Amino acid sequence: MSKVEEKLAELGLTLPDVAPPVAAYVPAVRSGDHVLTSGQLPMVAGKLEYTGKVGAEVTPEQAKALAQICALNALAAVKSVVGDLDLVEQVVKVVGFVASAPDFTGQPGVVNGASELLGTVLGAAGVHARSAVGVAVLPLDAPVEVEIQVRVRQA
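Residues numbered from 1 in each chain as written. Predicted model: local features only at pLDDT ≥ 70, side-chain atom pairs only at ≥ 80, totals over all residues. Heavy atoms only, no water.

## Some points on the sheet that holds strand β1 (residues 28-31)
Move 1: The sheet built from five strands is open, its strands ordered β1-β2-β7-β5-β6 with mixed pairing. Each having just a single partner strand, β1 and β6 (129-135) make up the two edges of the open sheet. Shown here is a sheet whose adjacent strand axes are inclined to one another by a mean of 15°, direction ignored.
Move 2: Where strand β5 (residues 88-99) and β6 come together, seven bridges link them in parallel fashion. Across the sheet, valine 98 pairs through a bridge with glycine 134, a residue of β6. (Pairing = 2+ DSSP bridges. Helix = DSSP H or I, 4+ residues; strand = E, 2+ residues; numbered from the N terminus. Axes fitted to C-alpha atoms, helices over the stretch in contact; angles between N-to-C directions.)

Structure (structure tokens):
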């Protein structure tokens, strides 16, 4: 078990299996010393716990927890490409999409769920640039979607 996965276990979290794509793409690709993930939905055991818009059917607190699940799924996608999360040297960029009710403006707080998890489990390597974007709708009516880009060292 990697140190990253040990840290997740200390937090009571486990790295899930890679979420299967819902369309024509792969969960992650490696390009040189970078791994880019596809957008990861908050899937748990193949299902979304919540659907709908944040600020309407989904509370900001629920959405923040969903963003954390997205980050876990993104880490699983990275591991599927590099084999060991201890090879992650830096989370370079996080992009979070939040399906938002028309008057909801708390997208940064929602995406903090992903950012805080990455910082907690990766320490200094989890500090990253970020965008938090409000959108009208996401695939499968998911409230949140997160993608990450990481720099890795050679095994």
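## Let's talk about the nonpolar core
Within soluble globular proteins, side chains that are nonpolar generally end up buried alongside one another.
Move 1: Within the largest apolar cluster, 41 residues are counted, with the highest numbers of intra-cluster contacts made by Leu75, Val78, Leu118, Leu122, Val144, Ile148 and Val150.
Move 2: Of all the secondary-structure elements, those providing two or more residues to this core are α1 (3-10), α2 (60-82), β5, α3 (107-122) and β7 (144-152).
Move 3: Those residues in contact with valine 150, other than ones at most four positions away along the chain, are Asp33, His34, Val35, Val78, Val88, Gln90, Val91 and Val92.
Move 4: In this structure, Leu41, Ala99, Leu138 and Ala142 belong to the second largest nonpolar core, which totals five residues. (Core = buried A, V, L, I, M, F, W, Y, C linked by side-chain atoms within 4.5 Å. Buried < 20%, exposed > 50% of the residue type's maximum accessible area, 1.4 Å probe, protein only. Contact = heavy atoms within 4.5 Å.)

## What about the packing of α1 against α3?
Move 1: Contact geometry for α1 and α3: axes closest at 9 Å, N-to-C directions at 115°. Crossing angle aside, the handedness with which α1 passes α3 is right-handed. Residues Val4, Lys7 and Leu8 of α1 form the contact with α3, whose participating residues are Leu117, Thr120, Val121 and Leu122.
Move 2: Broken down by class, the residue content of the contact of α1 with α3 amounts to five nonpolar, one polar and one charged. (Left-handed = near helix turned anticlockwise from the far one by under 90°. Nonpolar A, V, L, I, M, F, W, Y, C, P; charged D, E, K, R; others polar.)

## Observations concerning the pattern of salt bridges
Move 1: Summed over the entire model, instances satisfying the criterion amount to five salt bridges.
Move 2: Salt-bridge contacts for lysine 7 lead to glutamate 10; the nearest nitrogen and oxygen are separated by 3.8 Å. Taken together, the positions of lysine 7 and glutamate 10, both in helix α1 and three residues apart, correspond to about one turn of that helix.
Move 3: We classify lysine 7 as partly exposed; its relative accessible area is 27%.
Move 4: Between lysine 53 and aspartate 141 there is a salt bridge, with its nearest N and O atoms 3.4 Å apart. You can see lysine 53 sitting in the loop between β4 (47-48) and α2 and its partner aspartate 141 sitting in the loop between β6 and β7, a full 88 residues away along the chain. (Salt bridge = Lys/Arg side-chain N within 4 Å of Asp/Glu carboxyl O.)

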